[in-house]
Amino acid sequence: MRAGGILLPIFSLPSKYGIGCLSKEAYEFVDFLAESKQKYWQILPLGPTSFGDSPYQSFSTFAGNPYFISLESLIEQGLLTEEECDSVDFGDDETKVDYAKLYEGRFRLLRKAYVRSKIYKKHEFFEFEKENAYWLRDYALFMALKDWFHGVPFIEWPEDIRKRYGYAMDYYQKNLYYDIEFYEYLQYEFYRQWFSLKKYANEKGIQIIGDIPIYVAYDSADLWARPELFQLDDDLQMQAVAGCPPDGFSKNGQLWGNPLYRWDYHRDSNFDWWIKRIEKCATLYDVTRIDHFRGFDQYYAIPAGDKNACNGQWENGPGNDLFLAIRYCLGPVNIIAEDLGYITDSVRKLVRDTGFPNMKVLEFAFDFRESDGAKEYLPYNYDTNCVVYTGTHDNETLMSWSKTIQNKEVKQIQDYVGKHFKTYQEVVEEMLRLAIASSAKLCVIPIQDYLGLGDEARINTPSTLGGNWKWRLREGQLTPELARRIGTYMTRYGRN
């Protein structure tokens with residue numbers, strides 16, 4: 001069935017307390033999606049963010065971001081007061097997240113809510129602990145230790161707890177008992193609120209497309225708890241790190257710095273950790289988009305300590321063995337393969353073998369620097385088993401893109417659609433039409449493109465620090481008129 005969806009991160013929702021969260025505005029956005037005849041809401045990763053505030057660098061692949069906990073819900077539960085929440089300075093720009101102020105103010109409120117919750121008396125909390133035992137305790141202890149050691153990376157902790165010696169684990173679990181319980185409480189509350197929102201969305205006919213990075217952060221509970229899964233030496237130092245090779249967009253490549261997997265170990269353990277990860281995603285989301293899917297075919301390994309990505313080399317990943325194991329244990333799973341970037345025939349074969357829909361980005365279709373590679377992003381080359389985007393969270397908005405592309409690219413678009421553009425808005429409208437009218441079974445549009453917003457609404461500029469992951473909708477931008485306009489698109493091109 002042909003369908004449409006909208007891409008909007010949770011943090012980009014409007015809300016009263018500094019960041020989009022699981023508050024009434026999230027439910028109102030679901031209503032907007034239904035009114036717009038959408039079937040999907042795509043979000044970005046939900047994990048707790050670390051340095052740089054990127055959802056793709058998280059302290060845990062299993063945990064939820066405490067910033068997304070609705071303070072209004074805690075007020076309704078009698079755990080906080082409006083006066084307490086209103087007294088915190090979350091910043092004065094409603095269009096941007098101020099992460100520094102968020103960090104300073106929000107955790108103080110959450111700690112108050114935890115103390116007042118008397119969570120240790122709730123049977124549901126103990127059931128939550130039991131159901132999530134394979135990751136929750138390690139994550140909560142990891143975060144309590146982060147606080148105890150003033151936020152430094154785990155690699156700088158004393159050796160006994162860095163390497164999880166038994167006596168050290170016992171000591172800190174005893175002495176940080178209430179801090180550990182606090183972080184477990186935050187996960188309990190996050191999951192409770194998230195599943196309430198997901199239930200509401202599903203009842204409205206809206207499915208959630210989640211998003212997970214292929215890699216985890218080095219400074220994460222995942223690596224600290226299971227170092228054997230990664231390419232580390234005896235001192236837990238990385239031997240090689242993840243990234244992308246130099247190309248037409250970056251002469252030095254991209255140095256992501258994530259630890260790489262020991263795929264031989266994963267294979268010998270029947271991919272148990274990955275199966276648990278995908279199983280968790282299957283409960284959180286209706287569909288899971290896996291970032292950097294090509295890394296399962298081959299991954300780019302850069303020597304640890306290098307300052308750029310020039311000296312890396314390609315290594316073989318697990319291939320379809322991983323997904324056969326997942327399917328054997330979990331049955332059919334709904335996954336979108338993010339196969340953007342440098343794509344080879346073997347990557348294309350892996351995507352075909354899995355049967356997962358892959359991604360098409362219209363902004364790439366008219367890039368003269370990728371004259372051959374760009375052709376596969378032109379709508380006439382689409383297989384129906386794909387998801388088309390005008391752009392992703394890593395791209396310019398359509399309006400910004402239309403103002404920055406070169407004249408030869410504008411001419412390419414005009415030749416392709418057979419019309420001449422007089423305004424930037426006409427370019428935006430034509431790109432929207434191309435995506436929605438395409439043969440792709442699913443079309444996902446960032447909300448910024450429907451709103452015609454410029455560079456001020458860009459989510460992320462890859463390989464840069466500062467200014468990313470901050471953009472937020474303002475109250476009132478999602479109007480009934482916009483819902484009708486989007487709905488008309490859906491009806492016209494059979495996506496309702």
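None of these values were measured; they are calculated from a predicted model. (Residues numbered from 1 in each chain as written. Predicted model: local features only at pLDDT ≥ 70, side-chain atom pairs only at ≥ 80, totals over all residues. Heavy atoms only, no water.)

(A) Spatial organisation of the side chain of Glu-181. Considering the arrangement of structural elements, one finds Glu-181 in helix H9 (residues 177-203). The buried charged residue Glu-181 lacks any salt bridge partner; its closest oppositely charged side chain belongs to Arg-137, at an N-O distance of 7.3 Å. Residues in contact with Glu-181, not counting those within four places in the same chain, are Tyr-114, Ile-119, Tyr-120 and Phe-125. (Helix = DSSP H or I, 4+ residues; strand = E, 2+ residues; numbered from the N terminus. Buried < 20%, exposed > 50% of the residue type's maximum accessible area, 1.4 Å probe, protein only. Lys, Arg positive; Asp, Glu negative; His and termini not counted. Salt bridge = Lys/Arg side-chain N within 4 Å of Asp/Glu carboxyl O. Contact = heavy atoms within 4.5 Å.)

(B) Quick peek at unusual backbone geometry. Its identity as a non-glycine residue notwithstanding, Lys-118 has a phi of 50 degrees, on the positive side. Inspection of the secondary structure puts Lys-118 in the loop between helix H4 (99-117) and helix H5 (123-131). Not every positive phi belongs to a glycine, and His-150 is a case in point at roughly 60 degrees. Its location among the elements puts His-150 in the loop between helix H6 (136-148) and helix H7 (159-162). Assessed through its relative accessible area of 74%, His-150 is described here as exposed.

(C) Representation of the nonpolar core in the model. Counting 169 residues, the largest nonpolar core has Trp-41, Trp-194, Trp-274, Phe-296 and Tyr-450 as the members making the most contacts within it. Take this core: its biggest share by element is 11 residues, from H9. Apart from residues no more than four positions distant in its own chain, Tyr-450 is found in contact with Ile-6, Leu-432, Ile-436, Ile-445, Leu-482, Arg-485, Ile-486, Tyr-489 and Met-490. (Core = buried A, V, L, I, M, F, W, Y, C linked by side-chain atoms within 4.5 Å.)

(D) Inspection of the state of the cysteines at higher detail. Tallied over the full model, the rule gives 0 disulfides. The thiol of Cys-21 is unpaired, and the distance to the nearest cysteine sulfur, on Cys-85, comes to 10 Å. For Cys-21, a relative accessible area of 2% translates into the label buried. Lacking any disulfide linkage, Cys-386 is separated from the closest cysteine sulfur, that of Cys-443, by 9.9 Å. (Disulfide = S-S within 2.5 Å.)

(E) Looking closely at the sheet that holds strand S5 (residues 254-259). Taken in spatial order, the 4 strands of this open sheet run S5-S4-S7-S8, and their pairing is antiparallel. This sheet does not close on itself; its edge strands, each paired only once, are S5 and strand S8 (313-316). Adjacent strand axes in the sheet meet at a mean angle of 50 degrees, parallel and antiparallel pairs treated alike. Where strand S4 (residues 240-244) and S5 come together, 3 bridges link them in antiparallel fashion. Counted as the bridge partner of Gly-243 is Leu-255 from S5. (Pairing = 2+ DSSP bridges. Axes fitted to C-alpha atoms, helices over the stretch in contact; angles between N-to-C directions.)

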